[in-house]
Every structure is written in C-alpha cells, then in structure tokens.
Amino acid sequence: MMLGRVVGEVWATRKNPRIEGRKALLVAVLGQDGEKRTPTGEVVVAFDSIGARIGHTVAVAWGSGARAVFAAPDNRWTLVDAAVARIVDAVLVEKDGKEVEERED
Amino acid sequence: MKLCRVVGAVWGAKEAGSLGGRKLLAVRPVAVASGHSPADIAADGERPDLQDGLIIALDQLGAGIGEFVLVAHGSRVRDLTLGPGVPTKDVVVAIVDSAHVELDLLADEPVGTAPADRSNGRPACSGPAASGTAPHGEGGGA
Amino acid sequence: MILGRLVGTVWATKKNPRIENLKLAIVRPYFWYNPSHDVEHVVAVDQVGAEVGQDVLVCVGQPGRWVAGDYRCPIEASVMAIVDRVEIERGCEHAAPGPFALRAQFKPTTLVRVGADEGMTGGEERGGGERGTP
C-alpha cells in the first residue's frame with residue numbers, strides 16, 4: 001500500500017465492460033522527506049469506491065490488494081490494478097518518544 | 001510488454017539446472033520517444049534509437065541478433081509460456097515484423113485537439129524489421 | 001493503472017500462440033508507478049479499439065492478462081478504456097518532480113484543469129480549450 005494525494009480524475013466512456021461504473025482517480029504518491037510527506041513524482045491511476053475527492057489523502061492498495069477492495073465471488077479476475085482502500089484523516093507517528101497525530105486535512 | 005532490439009546472446013557452461021540450456025538473449029529497449037530510427041547509427045557505433053538498459057530475456061521463438069522482439073515481464077508470464085520453476089521473469093513473446101510510431105504524437109499538444117487534426121500528412125513508414133530498414137515513423141518530431 | 005497516449009502499433013506474425021490475433025499498441029505513459037524496467041513505453045494489447053493519438057488507460061499485471069475472456073495470455077498490459085477527459089487540480093501537475101511526474105512537455109490531450117485560480121472561475125476552465133503552460 002502507499003499513501004497518496006488525489007490530484008485528479010479520469011473520465012472514460014468507451015471501456016472494457018468489466019470496469020463499467022468504476023471511478024478512476026489520479027493519485028500522486030507521497031513519500032517521506034524529512035518531517036513532511038511530499039510527492040515522490042510517481043502518479044498512479046486508482047479505482048475508487050469509497051468517495052475520495054481531489055485533495056484527499058488516501059491509502060492505495062495495488063495488485064492483489066486492489067482486487068480485494070473490489071470483492072467479488074472470485075476476485076482473482078477482477079480488473080483492477082490499484083484501488084483506494086482508505087481516505088486518510090490522520091497518521092500517527094512517533095516524535096521524541098511520544099505519539100503525535102499528523103492530520104492530513 | 002516492451003519493444004526491444006536483440007543485441008546479443010548470453011552463453012555459459014555453468015548454469016542452474018532449471019534453466020535447461022534454454023537460449024538467453026540480451027536485448028535493449030527501444031527508445032520510442034527519441035524519434036530515432038534503427039538506421040541512425042552514430043559514428044562510434046552507438047545506437048540512439050535504443051535505451052541504455054540491458055534486459056536478459058529467455059527466447060523460445062528463435063529470434064536473431066538485430067531483430068525486434070516483444071519482451072513481457074512477470075512470473076505469471078513465465079508460468080504461461082515456459083512453466084513454473086524456470087529462473088527468469090523476462091520472456092520473449094513475439095518477434096516483431098514492423099512497428100509504427102507517430103512522432104508528432106510524442107510532444108505536447110494543445111488541449112482539445114482532436115486526434116484527426118494532429119496528422120501532419122507524413123505517413124509512418126514500415127518495413128521488415130529484420131532487414132534493418134526503419135520501422136519507426138519518419139520525421140524529426142514536433 | 002497507467003494513463004498514456006497511444007502513439008503507435010506493432011505487427012508480429014511469429015509469436016506465442018496464445019497471443020494470436022491480438023492487436024498490439026505502443027503506449028507512451030504520461031506517468032508511471034513502479035515500472036518493471038526503466039522504459040518509456042508499454043506495448044499493450046488493445047481490445048477496446050483505440051486509435052493512435054487517443055489517451056488510454058492501461059492495466060498492467062494480472063488484470064491486464066484478462067483478454068477476451070481468457071486469463072492465460074502471456075502479456076503484461078492491456079488497454080482498458082479510452083479516456084474522454086482528465087481533470088487535474090490546478091498547480092498539481094508540476095508539484096511532483098521526478099522521472100515519472102506529469103511531464104510539462106507531455107500532457108494528456110484530454111487534460112482539463114479544475115479548481116479556483118486568481119482571476120478565473122471554475123466555469124471558464126471546463127470545456128477543454130486551454131493550452132498547457134510550461
């Protein structure tokens with residue numbers, strides 16, 4: 001999984017019928033740069049089923065984790081590469097021996 | 001998959017038993033965005049139409065040096081072509097006859113331009129990849 | 001998934017029998033995440049009928065192998081959708097440095113910027129008539 005920030009959305013009408021009705025979001029991957037979380041430069045297109053919007057910080061699952069987000073009776077063949085698993089409100093980190101909450105909004 | 005050119009073969013007497021004497025090819029990915037064709041060879045023998053990296057791929061189709069191939073990466077691809085247990089993740093899945101790249105499309109375009117408006121009238125040329133003629137579209141890019 | 005532009009086509013007669021009769025398209029990604037090799041293109045199987053010049057969504061890995069009802073194709077990537085429109089928050093496209101950032105010189109043809117900016121309302125942006133700024 002990785003942390004990312006939703007920066008955009010992708011609209012498509014002509015597509016594989018198995019991904020009909022799925023919303024595709026552009027997510028910029030966030031890495032740790034010292035104290036702050038900054039974009040690493042990598043961007044991924046992820047499917048969203050929980051209502052993330054531009055500006056949200058999200059946790060994105062990829063590979064078999066993404067297929068588990070779109071649970072189906074036999075989800076080995078679910079057509080998804082990356083999926084939003086959680087909209088992140090805060091990340092708990094340790095600073096100076098204490099737990100500190102870093103809010104993402 | 002990646003479009004690559006075969007630049008050599010890898011030979012060795014000592015190998016893992018599961019490799020089974022299969023042919024390993026050294027391939028270089030084609031630099032699709034460079035705008036160069038295979039006919040552009042620099043004075044020092046360097047090929048600007050190819051990227052620097054080298055990929056060692058297992059070949060079952062009998063590709064020769066100088067041919068263009070498609071290389072797929074992944075353990076599942078390996079399972080589907082060679083069977084599980086073969087120590088590779090890069091497999092040659094096709095020998096390319098020709099490839100066209102529209103060079104005009106490799107640069108920035110104004111938003112809202114329809115694909116049909118983008119053609120500059122020069123057709124991409126094609127030719128047998130094995131003969132070394134340029135499979136990429138002609139022109140100097142945008 | 002990868003967002004990219006379909007820039008070319010590949011023809012091959014000698015290939016693995018499981019990928020017979022599949023249309024192969026060269027896609028140049030606008031950006032990428034964790035590529036298997038450091039290359040600037042992907043050859044993807046096209047079953048959606050995309051044309052050269054269109055923006056496409058490409059699935060890599062296991063989902064990309066599901067082609068025409070058969071999941072046993074030894075391929076890495078396939079085109080899943082033809083993109084009509086990409087909305088991106090104003091100011092985000094250059095906020096991410098690095099080799100696979102949304103490159104200033106190469107942006108989706110269907111890109112539309114959204115979000116408020118000084119002197120412009122959101123309504124002026126939608127409609128896809130804006131030129132990308134470097």
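Residues numbered from 1 in each chain as written. Chains lettered and ligands numbered in written order. Predicted model: local features only at pLDDT ≥ 70, side-chain atom pairs only at ≥ 80, totals over all residues.

It is worth spelling out the overall build of chain C at this point. Each helix and strand in chain C was counted, giving one helix and seven strands. When the helices and strands of chain C are placed in sequence order, the string is β-β-β-β-β-β-β-α. Among the 134 residues that make up chain C, the fraction classed as buried is 55%. Considering only intrachain contacts with a sequence separation of at least 6, the fraction spanning at least 24 residues in chain C is 57%. (Helix = DSSP H or I, 4+ residues; strand = E, 2+ residues; numbered from the N terminus. Buried ≥ 20, exposed ≤ 12 C-beta atoms within 10 Å, placed from the backbone. Contact = placed C-beta atoms within 7 Å.)

Moving on, we come to the overall build of chain A. A tally of regular secondary structure across chain A gives one helix and seven strands. Among the 105 residues that make up chain A, the fraction classed as buried is 41%. Contacts spanning at least 24 positions in sequence make up 46% of the contacts within chain A whose residues lie at least 6 apart.

Here we take up the interface of chain C and chain B. Contact residues are listed per partner, giving 45 residues for chain C and 41 residues for chain B. For the side of chain C that touches chain B, the secondary structure elements donating two or more residues are strand 1 (2-11), strand 2 (14-15), strand 3 (24-29) and strand 7 (111-114) of chain C. The element best represented in the side of chain C that touches chain B is strand 1 of chain C, accounting for six residues. Each residue belonging to the side of chain C that touches chain B can be placed in one class, and the counts come to 15 nonpolar, 16 polar and 14 charged. Sheet analysis places strand 5 (residues 90-95) of chain B next to strand 2 of chain C, joined by two bridges and oriented antiparallel. The residue bridging I95(B) from the neighbouring strand is K14(C), located in strand 2 of chain C. (Nonpolar A, V, L, I, M, F, W, Y, C, P; charged D, E, K, R; others polar. Pairing = 2+ DSSP bridges.)

As a further point, take the confidence of the model for chain C. All names here are of chain C. The predicted model of chain C averages 75 in pLDDT, with 72% of residues at 70 or higher. Between the elements of chain C, mean pLDDT differs from a low of 36, seen in helix 1 (residues 122-125), to a high of 93, seen in strand 4 (residues 42-46). When the criterion is pLDDT under 50, residues 118-134 qualifies, and its contacts beyond four places in sequence or with other chains add up to 24 contacts. Interface confidence for the predicted complex, given as ipTM, is 0.73, next to a pTM of 0.75. (pLDDT = per-residue confidence, 0-100.)

What follows is about the interface of chain A and chain C. Counting residues at the interface gives 29 residues for chain A and 33 residues for chain C. It is strand 1 (residues 2-15) of chain A that provides the largest number of residues to the side of chain A that touches chain C, a total of nine residues. Among the residues forming the side of chain A that touches chain C, the class breakdown is 18 nonpolar, six polar and five charged. Pairing of strand 1 of chain A with strand 6 (residues 77-89) of chain C, which is carried by seven bridges, proceeds in the antiparallel orientation. Looking across to strand 6 of chain C, one finds that E9(A) is bridged to E87(C).

Glancing now at the environment of V6(A). Residue and element names in this part refer to chain A. Structurally, the position occupied by V6 is in strand 1. Judged by C-beta crowding, with 23 C-beta atoms within 10 Å, V6 ranks as buried. Spatially, the C-alpha atom of V6 lies 9.8 Å from that of V84, the residues being 78 residues apart in sequence. Once residues lying within four places of it in the same chain are set aside, the contact partners of V6 are L25, V27, A52, R53, I54, G55, H56 and V58.

The biggest cluster of nonpolar side chains holds 98 residues, and the ones touching the most others in it are V27(A), V45(A), L3(B), V69(B), L70(B), L57(C) and V58(C). In terms of residues, this core owes the most to one element, strand 6 of chain C, which gives eight residues. When we break this core down by domain, the ones giving at least three residues each are domain 1 (2-82) and domain 2 (84-134) of chain C. Residues in contact with L70(B), not counting those within four places in the same chain, are M1(B), L3(B), V93(B), A94(B), V96(B), V10(C), A12(C) and V43(C). (Core = buried A, V, L, I, M, F, W, Y, C linked by C-beta atoms within 7 Å. Domains from an automatic or database assignment.)

Residue and element names in this part refer to chain B. Where strand 1 (residues 2-10) lies against strand 2 (residues 23-29), six bridges are found, and the strand directions are antiparallel. Residue pairing for strand 2: V6 is matched across the bridge by V27. Summarising the sheet, strand 2 and strand 3 (residues 55-59) pair through five bridges and their orientation is antiparallel. Directly across from K23, in strand 3, lies its bridge partner D59.

Position of I19(A) among the secondary structure elements: in the loop between strand 1 and strand 2 (23-33). Considered as a pair, I19(A) and F47(A) are 28 residues apart in the sequence and their alpha carbons are 9.4 Å apart. When neighbours within four sequence positions are excluded, I19(A) is seen to be in contact with L79(A), M80(C) and A81(C).

Residues and elements named next belong to chain C. One non-glycine residue, N21, lies in positive phi territory at about 60°. Note on placement: N21 falls in the loop between strand 2 and strand 3. On the neighbour-count criterion, N21 (5 C-beta atoms within 10 Å) is exposed.

Our focus in this paragraph is the environment of T57(A). All names here are of chain A. Among the secondary structure elements, T57 is positioned in strand 4 (residues 57-62). You can call T57 buried: it has 21 C-beta atoms within 10 Å. Spatially, the C-alpha atoms of T57 and E104 are 6.4 Å apart, while their sequence positions differ by 47 residues.

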